[in-house]
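As a plain string of letters, each chain reads:
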Amino acid sequence: MVRTLLTVVILIASIALIGWVLTNNKKKNAEKTAVVAQGNGNVAVRVSTVQKQSLDLDFGVNGNFMPGQQMDFSAENSGRVIQVLVDEGSVVTKGQTLAVIKTDQLNVDLESAQANYRNALKDKERYENAFKTGGVTQQQLDQANLALSNADARVAQAKIKVGDAYIRASINGVVNKRYIEPGAVVAPGTKLFELVDISRLKLQVTVNESQVANLKVGDKVKIKVSVFPDKDYTGTVSFIAAKADNSLSFPLEISLAANPGSQVKAGMYGTAIFNFPSQAPAVLIPRSAFIGSVSSNQVFVVKSDSTAALRKVIAGRVMGDKVEVLQGLQEGETVITSGQINLDEGSAISVVK
């Protein structure tokens with residue numbers, strides 16, 4: 001009996017909820033119908049007056065600081081690491097030796113190449129003397145010269161391999177990571193160290209097409225660092241991408257002018273603040289006034305007889321929900337911002353407040 005009563009109550013509540021939803025939807029549809037009815041048979045539209053406004057081009061974008069240089073050092077030869085001369089955090093200079101790989105076999109190869117060179121040199125000298133008396137042909141002499149050149153090249157190659165056993169820094173910076181320990185056996189391509197130079201940092205950001213149009217390399221930029229809100233930094237635009245990325249944004253790099261005490265670290269968040277001089281007032285209209293999209297360069301304007309007229313315009317910069325119009329509209333005209341889908345040239349309209 002109790003279970004049956006509970007089922008009835010739940011059923012009644014469900015029916016009441018469905019009825020409320022249907023009534024609410026009917027009310028909303030009635031409101032939409034009332035809006036259209038305000039047009040007295042004409043197409044109901046909303047409008048906006050064309051006016052000139054001062055342009056505020058200032059903007060800020062967030063990004064990450066990246067090191068001025070970053071290098072990954074890998075082994076050139078196979079061998080056992082016999083010395084590691086730096087630790088993580090060590091400050092190094094260009095040309096400084098970071099580690100040494102065992103060179104015994106490389107030294108043997110070098111000595112062998114040098115011995116072959118000395119023999120080739122003696123052979124060349126003997127062939128030159130014999131050639132003067134007619135004992136050898138020109139071809140034999142040329143072969144002796146070629147053998148000497150090959151021996152000299154092998155000596156140079158062996159010296160390079162011995163030199164590569166001494167891993168030297170190619171930039172000034174800090175050892176950010178050390179991947180090896182003494183005694184480790186490495187192969188060509190094995191990663192040994194990661195060096196970063198944070199004496200020069202660059203802030204990487206992206207900007208849209210309307211923003212990048214006002215920027216050029218060399219522009220000064222104010223920079224704020226999130227962890228140092230009370231400090232102001234200055235940067236210079238050092239790179240502007242010539243092509244937009246997949247999100248239709250343009251990558252930008254801003255070099256940090258000074259980093260006292262290396263307080264700002266690579267990987268920190270920063271904000272680039274772009275300030276521009278005051279701009280002359282421009283004709284602006286709502287973005288929604290364009291038919292389809294801004295690229296269509298078409299809008300409907302309201303004529304004095306309350307009809308719609310299609311107008312070709314030339315759109316300029318897009319600033320949020322506003323679009324600059326370079327040609328095609330005059331200040332004081334009225335553009336239609338909604339209801340365009342129901343309009344044709346000369347359609348009678350009724351403005352909805």
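Naming follows an unreviewed UniProt entry, where the protein chain appears as Efflux RND transporter periplasmic adaptor subunit of Paraflavitalea soli. Turning to the protein chain, the UniProt annotation filed under Sequence similarities (unreviewed entry) states: "Belongs to the membrane fusion protein (MFP) (TC 8.A.1) family."

A few words now on the sheet that holds strand β7 (residues 166-168). Taken together, 4 strands build an open sheet; the order of strands is β7-β6-β4-β9 and the sheet is antiparallel. If you trace the sheet from one side to the other, it starts and ends with β7 and β9 (185-186), each paired once. Taken together, the 3 bridges between strand β4 (residues 79-84) and strand β6 (residues 97-101) define a ladder with antiparallel strand orientation. Opposite V81, over in β6, you have I101 as the bridge partner.

Side chains of strand β11 (residues 220-225) alternate between two faces, with V221, I223 and V225 buried and K220, K222 and K224 left unburied. Sheet analysis places β11 next to strand β12 (residues 228-240), joined by 5 bridges and oriented antiparallel. Note that in β12 the partner of V221 across the bridge is G235. The loop that links β11 with its antiparallel partner β12 comprises 2 residues. Sheet topology note: the β11/strand β14 (residues 269-274) ladder contains 4 bridges and is antiparallel. Bridge pairing in β14 places V225 opposite G270.

Let us now look at the sheet that holds strand β18 (residues 314-319). As summarised here, the arrangement of the 4 strands in space is β2-β15-β19-β18, forming an open sheet in which the pairing is antiparallel. Strands at the two margins of the open sheet, each flanked by one partner only, are β2 (51-53) and β18. Across the sheet, the mean angle separating the axes of adjacent strands is 50 degrees when strand polarity is ignored. Where β2 meets strand β15 (residues 282-286), 3 bridges bridge the pair, whose relative direction is antiparallel. When the sheet's bridge partners are listed, Q51 is paired in β15 with L284.

Rules used in this analysis
Residues numbered from 1 in each chain as written. Predicted model: local features only at pLDDT ≥ 70, side-chain atom pairs only at ≥ 80, totals over all residues. Heavy atoms only, no water. UniProt positions renumbered as here; feature names shortened; annotations may be inferred. Pairing = 2+ DSSP bridges. Helix = DSSP H or I, 4+ residues; strand = E, 2+ residues; numbered from the N terminus. Buried < 20%, exposed > 50% of the residue type's maximum accessible area, 1.4 Å probe, protein only. Axes fitted to C-alpha atoms, helices over the stretch in contact; angles between N-to-C directions.

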